[in-house]
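# Structure assessment
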2 protein chains.
Amino acid sequence: MPLWVQLADELRSAIRDGRLRHRLPSEPELRDAYGVSRATVREAIRQLRTEGYLDARQGRGTFVVPKRQFEGYHQQRFSLAARLADVGKEVASVLAIERREDERAAARLGLEERSFVVVRRLRGVEGEVVALEEASVVVPEGEALLGSPIHQGSIYEVLEAAGVHVTAGIDEVSAVSADPVVAELLGGAEGRALILVERRTFAGARPVEYRRTLLQPDRMHFVAQWGRTDGEAL
Amino acid sequence: MPLWVQLADELRSAIRDGRLRHRLPSEPELRDAYGVSRATVREAIRQLRTEGYLDARQGRGTFVVPKRQFEGYHQQRFSLAARLADVGKEVASVLAIERREDERAAARLGLEERSFVVVRRLRGVEGEVVALEEASVVVPEGEALLGSPIHQGSIYEVLEAAGVHVTAGIDEVSAVSADPVVAELLGGAEGRALILVERRTFAGARPVEYRRTLLQPDRMHFVAQWGRTDGEAL
DNA sequence: GAGTGGTCTAGACCACCGG
DNA sequence: CGGTGGTCTAGACCACTCG
């Protein structure tokens, strides 16, 4: 492993554990502490800046970026909808989890098999309902979900534990009007504009999931950042 | 201007003009050609890599990334809304282009100055109206737009030609209901769900544009791809 | 083996910020 | 003013790619 990667790993861990807070030691201090050149220190810091952990200001120092609820797209591992999956202190109430036919999911995933394990959940953050989600997972992979307590956790964690490694996905973001049932569940007015995220998930080349998520636009929306703004934009 | 910025500008122009294609001269060659150190060359190349212009491969060389019409989100230079900006054979009809106050744009961009050049356009693809867009560009940068024919082209191209280099931005995607005016313009029903994209654009650290785009969900939506699917997914 | 980009060093000067 | 990060130099060795 390159030195700067090791150093970056070291610093990242320290930040995540809370051992590093507020301000980072200066570059010369880090150079001496780790016995490397300043360029190596800077390379590590550069990496952590692009990952969103650090923010450097000329003349002032390098600072740990406080954790945010809503982070930029480019920092997310699973991008777009990870916004939902990873948002902290989130609670999901499972409305239904069953095995059934799902024509639409089969069509979207390009599969002949129409039997899926379907999980329907309401998702909330800080006591507010923000999303209604229906995930259709292919069989047999999805069967691991039938006996699992996924009220809190991620479907992907359950799949991972069952040996299904989600590697990629496609999200399509659109907008729809709330029908009466959805309006009731999400606590909004009928006909109101909602964000719709359709997701197709893959394990290697195999499609494993089709997911529809309906979001309250005033509770949550998607943020995408592109390019660089000298750390000021967010 | 730092040397590496000048060099990056130089190379970027060369790429856009087509003077640089396929493969870049090697780092030692660039170092000698421009009379700088290799670190400076690498810094410039690093910048253009993050901007999506270049791709470097150890042992092989540094290559100009070919322009693509439709790409997954993660490969996009300007990501999300680039889908709109770059969609082929697109036509925009300019409803208004004027200099005026825009409180909201000023607030969103965090500027005291409230005077903007505001461009309001309807955008269509293949004869169908798909989007209504209002871009508020800061002055004095935006003044270049006042005399420009932007019916076809991109606002960013005009800005670029005027020496304003857009380097970054943030898109926020949400959903709203169509009000009567918007419904009329977009040819849909009042109250219908539309996709709203709010964009903040930056040239370096300076905010240069606030843009609101309303999209017909059945005509166009956003696609984001994450991870890898052995090239099959899209 | 020659050439490429990736990493690393030890120095230097600068612009900027705070006390 | 001293300390910070930003820039820049002139070297060096390495892993990798390709003919």
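We now turn to the structure provided with this report. Note that this is a predicted model, so its numbers are computed, not measured.

## Section: the pattern of salt bridges
Using the criterion set out here, one finds 39 salt bridges over all chains in the structure. The partner of Asp17(A) in a salt bridge is Arg19(A), and the shortest N-O contact between them spans 2.7 Å. As far as burial versus exposure is concerned, Asp17(A) and Arg19(A) are alike and both exposed. A salt bridge links Glu133(A) to Arg211(A), with the nearest nitrogen and oxygen atoms 3.4 Å apart. Pair noted here: Glu133(A) is in strand β5 (residues 128-138) and Arg211(A) is in strand β8 (residues 206-215), with a separation of 78 residues, a long-range link. In this pair, the class of Glu133(A) matches that of Arg211(A), namely buried. Overlapping salt bridges, with partners in common, bring together Glu43(A), Arg46(A), Glu43(B) and Arg46(B) in one network.

## Overview of the protein's contact with DNA strand C
Lining the immediate environment of DNA strand C, one finds 24 residues, of which Leu3(A), Trp4(A), Ser37(A), Thr40(A) and Arg38(B) sit closest. Among the atoms of DNA strand C lying within 4 Å of the protein, the sugar-phosphate backbone contributes 71%. Here Ser26(B) contributes a side-chain N or O atom positioned 3.5 Å from a phosphate oxygen of DNA strand C. Within the side chain of Arg42(B), one N or O atom sits 3.0 Å away from a phosphate oxygen of DNA strand C. Among the secondary structure elements, those contributing two or more residues to the surface near DNA strand C are α1 (3-17) and α3 (38-50) of chain A together with α2 (27-34), α3 (38-50), β1 (54-57) and β2 (61-64) of chain B.

## Things to note about the packing of helix α1 (residues 3-17) of chain B against α3(B)
Residue and element names in this part refer to chain B. With their axes 8 Å apart at the nearest point, α1 and α3 run at an angle of 55 degrees to one another. In terms of axis orientation, α1 runs oblique to α3. Seen from above, α1 lies across α3 with right-handed handedness. Counted together, Leu 3, Trp 4, Leu 7, Ala 8, Leu 11 and Arg 12 of α1 and Thr 40, Val 41, Glu 43, Ala 44, Gln 47 and Leu 48 of α3 form the full contact between these two elements. For the contact of α1 with α3, the per-class residue count stands at eight nonpolar, two polar and two charged.

Conventions and cut-offs
Residues numbered from 1 in each chain as written. Chains lettered and ligands numbered in written order. Predicted model: local features only at pLDDT ≥ 70, side-chain atom pairs only at ≥ 80, totals over all residues. Heavy atoms only, no water. Salt bridge = Lys/Arg side-chain N within 4 Å of Asp/Glu carboxyl O. Buried < 20%, exposed > 50% of the residue type's maximum accessible area, 1.4 Å probe, protein only. Helix = DSSP H or I, 4+ residues; strand = E, 2+ residues; numbered from the N terminus. Near = heavy atom within 4 Å. Polar contact = N/O pair within 3.5 Å; in protein donor to acceptor, adjacent residues only side chain to side chain. Axes fitted to C-alpha atoms, helices over the stretch in contact; angles between N-to-C directions. Parallel < 35°, antiparallel > 145°, perpendicular 65-115°, else oblique. Left-handed = near helix turned anticlockwise from the far one by under 90°. Contact = heavy atoms within 4.5 Å. Nonpolar A, V, L, I, M, F, W, Y, C, P; charged D, E, K, R; others polar.

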